[in-house]
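Okay, here's what each chain looks like letter by letter:
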Amino acid sequence: MKIFLLRRALVLLPVMLLVSLFSFALIHMAPGDPAEILLTSPAGGADRAAVEDFRTKMGFDQPLPVQYLRWLGRAIQGDLGYSYMTGQPVCSAILASFESTLRLSLLSMVLSLLASIPLGIWSAMRPGSFPDHIGRWLALLGVSVPNFWLAYLLILMFAIHLKWFPVAGYGNGGDLMHMVLPAIALGAASASVTIRLMRSSMLDVLQQDYIIAARAKGLGGWQVALGHAMKNALIPVATISGLNFGYMLNGSVVVETIFAWPGIGGLVVSSIYQRDYPMIQGVTLFVALLFLSINLLVDLFYAVLNPGIRYERE
Amino acid sequence: MRENNSRRQMLLGFMILSAIALVAFFAGMIAPHEPNQTNLGERLSPPSWQYPFGNDNLGRCILSRIIFAARISLYIGVVVVSLSLLIGVALGSIAGYFGGLLDELIMRFVDAFLAFPSMFLALAVIGLMGPGLSNLILALVVVEWTGYARMVRGEVISLKGKEFLEAARSLGAKDSYILVRHVLPNVLAPVLVMSALGIGFTILAASGLSFLGLGVQPGIPEWGSMLDDGRLYLRVAPHLMIFPGLAITITVLAFNLLGEGLRDELNPRLGSSIHEDAA
Amino acid sequence: MSSANLIEVRGLSKVFVSGLLNRHEVRVLDDVSFDIRRGETLGLVGESGCGKSTLGRSLLRLIEPTSGSITFDGTDITRLGRGELRRMRHRMQMIFQDPESSLNPRMKIGDSVSEPLRLGLCGKMGRKEILERVYELMEVVGLNPEHYGRYPYQLSGGQNQRVVLARILAINPEFIVADEPTASLDVSVQAQILRLMMDLKSAYGLTMLFISHDLEVVRHMSDRIAVMKCGRIEQVYRNEASSSSAPSLHLG
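Below, the structure is looked at part by part. Residue indices follow the written sequence of each chain, beginning from 1 at its first position. By the order in which they are written, chains take letters starting at A while ligands take numbers starting at 1. In view of the model being predicted, local features appear only for residues whose pLDDT reaches at least 70, and side-chain atom pairs are presented and counted only at 80 or more, with totals across whole chains, interfaces and linings using the full set of residues. Hydrogens and water are ignored here; the side-chain numbers use all heavy atoms of the structure.

Here we look at the interface of chain A and chain B
Here, two residues are considered to be in contact whenever any of their heavy atoms come within 4.5 Å of each other. Every contact between the two is made by 52 residues of chain A and, on the other side, 44 residues of chain B. Note on definitions: buried area is the accessible-area loss of two parts on being combined, 1.4 Å probe, summed for both. Summed over both partners, the interface of chain A with chain B buries about 4200 Å², with 76% contributed by carbon and sulfur atoms. Looking at the side of chain A facing chain B, the largest losses of area belong to Phe148, Trp149 and Tyr152 of chain A, adding up to 16% of the total buried there. N or O atoms closer than or at 3.5 Å make up a polar contact, with two conditions inside protein: a donor-capable atom paired with an acceptor-capable one, and, for residues adjacent in sequence, both atoms drawn from side chains. In this assembly, chain A and chain B are joined by 8 residue pairs in polar contact (both at pLDDT 80 or more). The helix and strand labels rest on DSSP assignments: H or I over at least four residues marks a helix, E over at least two residues marks a strand, and numbering proceeds from the N terminus. Elements with a contribution of two residues or more to the side of chain A that touches chain B: α1 (2-29), α6 (130-144), α7 (147-161), α10 (221-258), α11 (264-273) and α12 (277-305) of chain A. Considering every element that reaches the side of chain A that touches chain B, the biggest residue donor is α1 of chain A, with 9 residues. Taken together, the residues that form the side of chain A that touches chain B break down as 40 nonpolar, 8 polar and 4 charged. Lys, Arg, Asp and Glu make up the charged group, whereas Ala, Val, Leu, Ile, Met, Phe, Trp, Tyr, Cys and Pro make up the nonpolar group; the residues left over, Gly among them, are polar.

Next comes the structure, spelled out in structure tokens:
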């Protein structure tokens, strides 16, 4: 176990190095000179002297490896530079928007589990039955529907026609009513995956001896399923939910843009529209580290639950 | 029963896809109108006999645009997956087959790419290169090749202990020959499954990026950008959004049906036939 | 000029190292030395896990030995470079325990048999010539022409082992390592395959290392028998009941 942890960390180091290199490269591979882009206002070109001056001040005249090391040093301290557009520190903008994304994703996760676990169990209890078919098709649809289309269907139905929820916006500090529709749009895909996983892991557990023994004691099917089997069947679901949480970041890009939700997905899209390279760079680095941490946590969780598994080099 | 299900699923997916491919191929003959013909008199008109899916904000025939857009979506899906396969299969099989330092090097590279959530990586590439069809394709290849590399590597490693590879080696065959003739044919099945699912994913991602205005540029009919055009008229003319979205969903669903059906079909067969029939 | 020994093994060792952080060493072969004479079958017996298979694979350098030398027909093959080794490989072949996994599951039987010919191991041959040779070999090992287009999973274990033999005959090697070639087969089929191997061996003048955990089978097949235990060869002795004096095999 210790060795597994150590190796996992060792592998992570070169990966993080590459990730940082890639993020660093973003701003230097961008078309045009960073100093010039930075000082060019929509109104007109930049002053030559000012560009030169700024270039020296920002260290853009240094050789790339030096720039990289400096940038890395600052990034480690949480200094990701300043937004070209607002002048705000990139790091604080990211943290603020990430908080909104986190809130939305959490609700999304809860809704997705609330919908998928019962459906998964029901499907497993009666394979081939009507609910099983419904679950199958819902799962297939969930991974096939574009989330941006789903978002608009939800708005059309529940905001415009039924007027149950607001169309979009952050409302009063991101209240629940404003969160429901984006959360559903965001969670549909992960709910689909969970339905199928819950079903198959439930079927697996139901085949095992202790369940058959419990049945033999005369306990009813549902009693055994909910009392004994569900707990174990939830383990893989918990694992995949961790990963789904990471994948929700992908969905947040479109969903947050549509619902004008001030999260990290909306942030990256608006930064791209505005060619705000420090922000794009910062967000990219941030989500990569987040993604790596989530995967690490999921692996640890899995390792703790399955101590018997040997972590040989695959 | 299960086998029947997966076969039916595969067949259904295949039939829908054939229909879509035919429609895309003969778009010029099937579409009732010119896809870019504006007709301001018919602006935002609801579906009618003449325009079965109605007209968009410039009075263009939505049905015709959807039909022509099938071309670009299928094109993007196939091109992106083919390129990703090319890179992924080459690097994955080399990593898996030779192992050691080369494997370590390639896989850390793959891991670094996988560290970025796919949408953000694609956006970063587009942010760098600017929008447009070829940059969209590049962005999606950057995102997708790693999945194939990882999968192929795993498959190759699981083959490595097989004696038929030792037998091929003891013929004095070169590594390149063994890789191409003995290793790759045996990873074909999972690659096929992943490609079918991958095209679906690609179409979904490409339309999402086009929807954000960062993919295919205006002028070319594309499902995602049609949805983008329609978002302002959601209240007055929801048909602008309903039909293109339906087109994406059905196409992606068909690829998922095909892919999942194939997976269920191939997996048990590969496993059982080797052990059962030989006994 | 050529010596009486086709194979001379001296001080062969193999150590497997596992684990990156907690190094773990297992000495599978420990200073093994023996000879195999031309045209002879050396039987190798020992319990499973004693290193027999590793020894067999090391002789063909399918596994890289850690130390020691293996001289094949006067050449120390442990010192050969990749290219040189590749050019020698066809002179020594291996028959594996599981006939099915030793055939490419995605290759038709006929293609598996013809592969060495197509690779030009027996000189340049035309398509028609190759086809004729394949049918000939298939007949030699007792396969029907209709097996040509089948896949390994459509054949029985015994039939697959015949395919393996046909393929090896196509390669026309001087030396064969047979690693438990019949262990995964039914007893009745075992006897057929063993008989076929003996016929082929005398017809083609092959030298063989015959590995098995079954002393009965080894006695039937071998001229001399080496006994292996814990990575070492304990003893080598002349087989009194060698094949010529044992006309039939009591294998049910």
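A word on the packing of aromatic side chains
Stacked, tilted and edge-to-face are the three classes assigned to paired rings of Phe, Tyr and Trp, where Trp is represented by its six-membered ring and a pair needs centres within 6.5 Å; plane angles under 30 degrees give stacked, over 60 edge-to-face, the rest tilted. Under the defined criterion, the tally for this structure stands at 18 aromatic pairs over all chains. Ring geometry for phenylalanine 158 of chain A against tryptophan 164 of chain A: centres 5.6 Å apart, planes inclined by 35°, an arrangement best described as tilted. Using a 1.4 Å probe on the protein chains alone, a residue whose accessible area is under 20% of its type maximum counts as buried, one over 50% counts as exposed, and one in between counts as partly exposed. The exposure class of phenylalanine 158 of chain A is partly exposed, given its relative accessible area of 23%. These aromatic residues form a ring-pair network of at least three members: Phe22 of chain A together with Phe109, Phe113, Phe116 and Trp145 of chain B. Remark: a charge is flagged as sitting over a ring if the NZ atom of Lys or the CZ atom of Arg is within 6 Å of the ring centre and within 35 degrees of the ring normal. Positioned over the ring face of phenylalanine 16 of chain C is lysine 14 of chain C, at 5.0 Å from the centre of the ring.

Remarks on the packing of helix α5 (residues 90-125) of chain A against α12 of chain A
All names here are of chain A. Viewed as axis vectors pointing N to C, α5 and α12 meet at an angle of 55°, and their least axial separation amounts to 10 Å. What the angle tells us is that α5 and α12 run oblique. Considering how the two elements wind past one another, α5 and α12 form a crossing that is right-handed. Contact with α5, carried on its side by Val90, Ala93, Ile94, Leu95 and Phe98, involves Pro278, Met279, Gly282, Val283, Phe286 and Leu290 of α12 and no other residues of that element. Here the residues of the contact of α5 with α12 are counted per class, giving 10 nonpolar, 1 polar and no charged. Axis definition: a line fitted to C-alpha atoms, limited for helices to the stretch in contact. Angles are taken between N-to-C directions and run from 0 to 180 degrees. For classification, angles of less than 35 degrees are called roughly parallel, those exceeding 145 degrees roughly antiparallel, those between 65 and 115 degrees roughly perpendicular, and all remaining angles oblique. In a left-handed crossing the near helix is turned counterclockwise from the far helix by less than a right angle, and in a right-handed crossing that turn is clockwise.

Things to note about the sheet that holds strand β8 (residues 207-212) of chain C
All names here are of chain C. One open sheet accounts for 6 strands, arranged β6-β7-β8-β3-β9-β10; its pairing is mixed. A single partner strand is all that each edge strand has here, and the edge strands are β6 (92-95) and β10 (232-238). The mean angle between the axes of side-by-side strands here comes to 20°, regardless of whether they run parallel or antiparallel. At least two DSSP bridges between two strands are needed for those strands to be called paired. Looking at chain direction, β6 and strand β7 (residues 175-179) are connected through 4 bridges and run parallel. Counted as the bridge partner of methionine 94 is valine 177 from β7. Here helix α1 (residues 52-59) sits on the sheet and contacts β3 (41-45), β6, β7, β8, β9 (224-229) and β10; the angle it forms with β8, its principal contact strand, is near 155°.

Quick notes on the sheet that holds strand β2 (residues 24-37) of chain C
Residue and element names in this part refer to chain C. The 4 strands lie next to each other as β2-β1-β4-β5, forming an open sheet whose pairing is antiparallel. Each of the sheet's edge strands pairs with one partner strand only, and the pair in question is β2 and β5 (75-76). Each of β1 (5-18), β2 and β4 (67-72) is contacted by α1, which is oriented at about 65° to β2, the strand it contacts most.

Notes on the pattern of salt bridges
A side-chain nitrogen of Lys or Arg and a carboxyl oxygen of Asp or Glu constitute a salt bridge if their distance falls within 4 Å. Inspection of the entire model under this criterion finds 26 salt bridges over all chains. Across the pair arginine 65 of chain B and aspartate 56 of chain B runs a salt bridge whose closest N-O atoms are separated by 3.8 Å. Across the pair arginine 10 of chain C and aspartate 35 of chain C runs a salt bridge, and its minimum N-O distance is 2.9 Å. Taken together, the residues span a long stretch of sequence, with arginine 10 of chain C in strand β1 and aspartate 35 of chain C in strand β2 at a distance of 25 residues. Linked through salt bridges whose partners overlap, the residues forming this network are Asp56, Arg60, Arg65 and Asp229 of chain B.

Observations concerning the environment of proline 127 of chain A
All names here are of chain A. You can see proline 127 is positioned in the loop between α5 and α6. Once the C-alpha coordinates of proline 127 and leucine 69 are considered, the two residues, 58 residues apart in sequence, prove to be 58 Å apart. Other than its neighbours up to four places away in sequence, proline 127 contacts Asp132, Arg199 and Leu203.

Regarding unusual backbone geometry
Residue and element names in this part refer to chain C. Phi at aspartate 31 takes a positive value of approximately 55°, unusual for a residue other than glycine. Within the secondary structure, aspartate 31 is located in strand β2. For glutamate 180, which is not glycine, the phi dihedral falls at a positive 50°. Relative to the helices and strands, glutamate 180 is located in the loop between β7 and α6 (187-204).

So, the nonpolar core
Take the buried residues of types Ala, Val, Leu, Ile, Met, Phe, Trp, Tyr and Cys, join any two whose side-chain atoms come within 4.5 Å, and each joined set is a nonpolar core. Counting 144 residues, the largest nonpolar core has Ile258 and Val283 of chain A as its most contacted members. Here isoleucine 258 of chain A is in contact with Phe148, Ala151, Tyr152, Ile155 and Ala168 of chain A together with Phe211 of chain B, once residues within four sequence places are set aside. Core analysis: the second largest hydrophobic core is formed by 37 residues, Leu137, Tyr148, Ala170 and Leu200 of chain C among them.

Section: the packing of α7 of chain A against helix α8 (residues 176-206) of chain A
All names here are of chain A. Put simply, α7 and α8 touch, their axes get as near as 9 Å, and they point 145° apart. Between α7 and α8 the crossing geometry is right-handed. Taken together, the residues of α8 that come into contact with α7 (itself represented by Asn147, Leu150, Ala151, Leu154, Ile155, Phe158 and Ala159) are Leu181, Ile184, Ala185 and Ala188. Across the contact of α7 with α8, the residue classes break down as 10 nonpolar, 1 polar and no charged.

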